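Residue-level structural notes
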Amino acid sequence: MLDVDVHASIAEILSGDNHLSEEIWTYARAELSHRDEWEPVDSFPLAVAWARRELAQMPQPHRLEDCVRWLSAELKASGASGWVPAERVESSLRDLKARGVLRDDGEFYRPLLRELLRRRPQVLREDRDSQMALLRLAVDDVEWPEQVEPRDEGGEAKIFIQTRGDRTLTYRSCKLDSDENRRRFARTCAAIRTLRDRRTKMPGDDRLPRVIEAGFRRDNASEGIIVYEWVEGETFETLWTKLPAQARVHIARQVAMAVAALHARDVIHCDIAPRNIIVNGRLDATLIDFGLARRADQSTHTRLARDPFKAPEQCDDPPFVDKASDIYALGVLFRGPDSKATLEPAGLRELVAKMTSTRIEDRPSIIEVVKRLEELVDFEPQILQLRTKVEDVVNDAPEWLWEDLLHFTGTAALVHGRYLPWDQHRAMEAAFLLNNLFIRIVAERRGSTASKLAVLGGEAEVSLASLRSTVRASGDPSLAEWEGPEVKAIGLMRIAWAHPKDRASRIAEAMRELKSRESEFDRNIQRAVVKVAGMLDQLLDPGTSKVITRFMEFFFRGA
């Protein structure tokens, strides 16, 4: 048949009544569906854009550019905003060619399908499944890994982790059970995509997680996934009432730098609160959880429940979100858990009062906040003095132990200066360090006792947690000290640190080993730390002056 005959036949078919056209449409779109029933593939929106009449005679690169613009406009018209990434459009183009929808020259294999798509571009707005396909095209297509470990659950999201080589990834999963939730998640992904552009490096980026992917789960579009590099530490919420004001201000100042990096990219976090801030043992803060984040040019219809960190406008009806909403939450962070407490210096009190004003126009910009904080807050000199004290002890240690000790120098200094509390979290860190030192000393076989302990492990690596059974089996009286409950308790605390899922049970087991009640546990585990540190000192070369005990004392001298 000649092309003219094909076009004439198509024109005659499409001139029929609407019922006939709908049947043809249902039949023709089958090759753009996941299943027998209509569920469009991710590349379906591009097929609609590609077929539009105004794209005729355009070279492929120009078609792609035009498609990105048009699809982004359709996305905005659907209430999702954001934009469709060019790389996703290119991927969809390859998919359409692989499916046999398009030829290599960019033309449709089936002219009838092209004509139907040209005549029905509004399907992306009118059809729910087609809207879902457009949303999927606008975000990453995230593959769920085969092996992940559940880590946490709270609010609307579940947290899983996966280890890939020498790095650990976090998978934040949330159910998207409504069209509005899916649109909201697409807005979040649009904001996150801005952060992933490493060409726009900002000073506060080191206070934000490194996001790897953000989009719908490949095998389940009703689940939204955000993948980022694991951030080690504990939530600021657990420290909120324990830290002195100066330490809280130090953390809040770092969060302000993160907010500055977001606002410079026109991204609003919308959920700044202690539960969404991770703090490590060096008081380094990372702002996480972008589940409510949006670009500044996007409106909101999501009215939030009132809490101390939500700006009044976020909880109004109708709700409103502005960069100033983040400033309000940041001001509450600086003020601390006791709104009646005196915040020093006076200039900081005045700044926080402006930041937490109920009037949006009275709140300063993040640039003004950061500039004022540089004038008012200087925490580093005290930290440096404390670190120097701890490093003086490290310098007395054998050189082959420096790496392990230096990793915890910042934590030890902050606990010593009472900027971090001595609590179960610190005890777990101390246990983790002691176990690392034990393994290194035994591996080095620096003395007869260390050599005996190394032999006990055979081919396996011996640890503090596994010592009791191996020492008993050996029957060597010179090793009896290593059967003690303190050693076992420290080993259990080390496991609790490394495996948060089993943390509560391991801490309870350590309590039983020390015959300790919960109210006495912090003090009893402190004594266990001292004893095990002294035992490790005895394994070191003669003449070494108990450097491990001296170092560990910094972990709780402020207690």
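Residues numbered from 1 in each chain as written. Predicted model: local features only at pLDDT ≥ 70, side-chain atom pairs only at ≥ 80, totals over all residues. Heavy atoms only, no water.

The subject of this paragraph is the overall build of the protein. Each helix and strand counted, the protein has 24 helices and 11 strands in total. Summarising its shape, the C-alpha atoms of the protein cover approximately 100 × 60 × 40 Å along the three principal directions. Evaluated residue by residue, the protein yields a buried proportion of 52% over its 559 residues. For the protein, contacts bridging at least 24 residues in sequence account for 67% of all contacts bridging at least 6. When the 83 positive and 92 negative side-chain charges of the protein are each reduced to one mean point, those points stand 3 Å apart. (Helix = DSSP H or I, 4+ residues; strand = E, 2+ residues; numbered from the N terminus. Buried < 20%, exposed > 50% of the residue type's maximum accessible area, 1.4 Å probe, protein only. Contact = heavy atoms within 4.5 Å. Lys, Arg positive; Asp, Glu negative; His and termini not counted. Charge placed at Lys NZ, Arg CZ, Asp CG, Glu CD.)

It is worth spelling out the sheet that holds strand β7 (residues 234-235) at this point. With respect to topology, three strands assemble into an open sheet ordered β7-β9-β10, the strand pairing being antiparallel. Edge strands, defined here as strands with exactly one partner in the open sheet, are β7 and β10 (285-287). Here β7 runs beside strand β9 (residues 277-279); their pairing, made up of two bridges, is antiparallel. What sits directly across from Glu 234, in β9, is Val 279. Together, β9 and β10 form the strand contacts of helix α11 (residues 245-264), whose direction differs from that of β10 by roughly 35°. (Pairing = 2+ DSSP bridges. Axes fitted to C-alpha atoms, helices over the stretch in contact; angles between N-to-C directions.)

The next subject is the environment of Pro 364. Take Pro 364: it is sitting in the loop between α13 (346-355) and α14 (366-376). Take Pro 364: its relative accessible area is 12%, and that puts it in the buried class. Separated by 330 residues in the primary sequence, Pro 364 and His 34 have C-alpha atoms spaced 50 Å apart. Ignoring sequence-local partners within four residues, the contact set of Pro 364 consists of Ile 327, Leu 351, Lys 354, Met 355 and Val 369.

Our focus in this paragraph is the packing of aromatic side chains. On inspection of all chains with the given rule, the structure shows 12 aromatic pairs. When the ring of Phe 432 is compared with that of Trp 497, the centres are 6.2 Å apart and the planes differ by 50°; the resulting orientation is tilted. Taken as a pair, Phe 432 in helix α18 (residues 424-444) and Trp 497 in helix α21 (residues 485-498) lie far apart in primary sequence, 65 residues in all. Taken together, the ring pairs connect Phe 408, Phe 432, Trp 497, Phe 551 and Phe 555 into an aromatic cluster. In this structure, Arg 193 packs its charged tip against the face of Trp 83, placed 5.1 Å from the ring centre. (Phe/Tyr/Trp six-rings, centres within 6.5 Å; stacked < 30°, edge-to-face > 60°. Lys NZ or Arg CZ within 6 Å of the ring centre and 35° of its normal.)

Mapped onto the elements of the fold, Trp 422 is located in the loop between α17 (409-416) and α18. In this structure, the C-alpha to C-alpha distance between Trp 422 and Pro 477, residues 55 residues apart in sequence, is 35 Å. There is a polar contact of 3.1 Å between the side chain of Trp 422 and the backbone oxygen of Asp 522. (Polar contact = N/O pair within 3.5 Å; in protein donor to acceptor, adjacent residues only side chain to side chain.)

Before going further, it helps to examine the packing of α18 against helix α22 (residues 503-513). Relative orientation and spacing of two packed helices are given, respectively, by the angle between their axes and the distance between those axes. Running from N to C, α18 and α22 point in directions that differ by 80°, and their axes come no closer than 13 Å. Considering their axes alone, α18 and α22 lie roughly perpendicular with respect to each other. Counting all contacts with α18, which are made through Gln 424, His 425 and Met 428, the residues of α22 involved are Arg 503, Ile 507 and Met 511. In terms of residue class, the contact of α18 with α22 is made up of three nonpolar, two polar and one charged. (Parallel < 35°, antiparallel > 145°, perpendicular 65-115°, else oblique. Nonpolar A, V, L, I, M, F, W, Y, C, P; charged D, E, K, R; others polar.)

With that out of the way, let us pick up the side chain of Glu 513. Take Glu 513: it is sitting in helix α22. Excluding anything up to four places from it in sequence, Glu 513 contacts Arg 468, Pro 485, Lys 488, Ala 489 and Leu 492.

Of all hydrophobic cores here, the largest spans 166 residues; its most connected members are Trp 482, Ile 548 and Phe 551. Considering every element that reaches this core, the biggest residue donor is α18, with 11 residues. If you look at the next biggest cluster of nonpolar residues, it comprises seven residues, including Val 142, Trp 144, Ile 225 and Val 227. (Core = buried A, V, L, I, M, F, W, Y, C linked by side-chain atoms within 4.5 Å.)

Quick look at the packing of α18 against helix α19 (residues 448-456) now. For the pair α18 and α19, interaxial distance at closest approach is 8 Å and the crossing angle is 100°. Between α18 and α19, the interaxial angle falls into the category roughly perpendicular. Here Phe 438, Ile 441 and Val 442 of α18 come into contact with α19, specifically with Ala 450, Leu 453 and Ala 454. Residues belonging to the contact of α18 with α19 are distributed by class as follows: six nonpolar, no polar and no charged.

Regular strands have side chains that alternate between both faces of the sheet. In terms of residue burial, strand β5 (residues 211-217) counts as a mostly covered element, since five of its seven residues are buried. With six bridges connecting them, β5 and strand β6 (residues 220-229) associate as antiparallel partners. The residue of β6 that forms the bridge with Phe 216 is Gly 224. Hairpin connection between β5 and β6: a loop of two residues separates the two successive antiparallel strands.

What follows is about unusual backbone geometry. The omega angle of the peptide bond from Glu 344 to Pro 345 is -5°, so this bond is cis rather than trans. One non-glycine residue, Leu 283, lies in the positive phi region at around 60°. Mapped onto the secondary structure, Leu 283 falls in the loop between β9 and β10. A positive phi angle, close to 60°, is found at Asp 289, a residue other than glycine.

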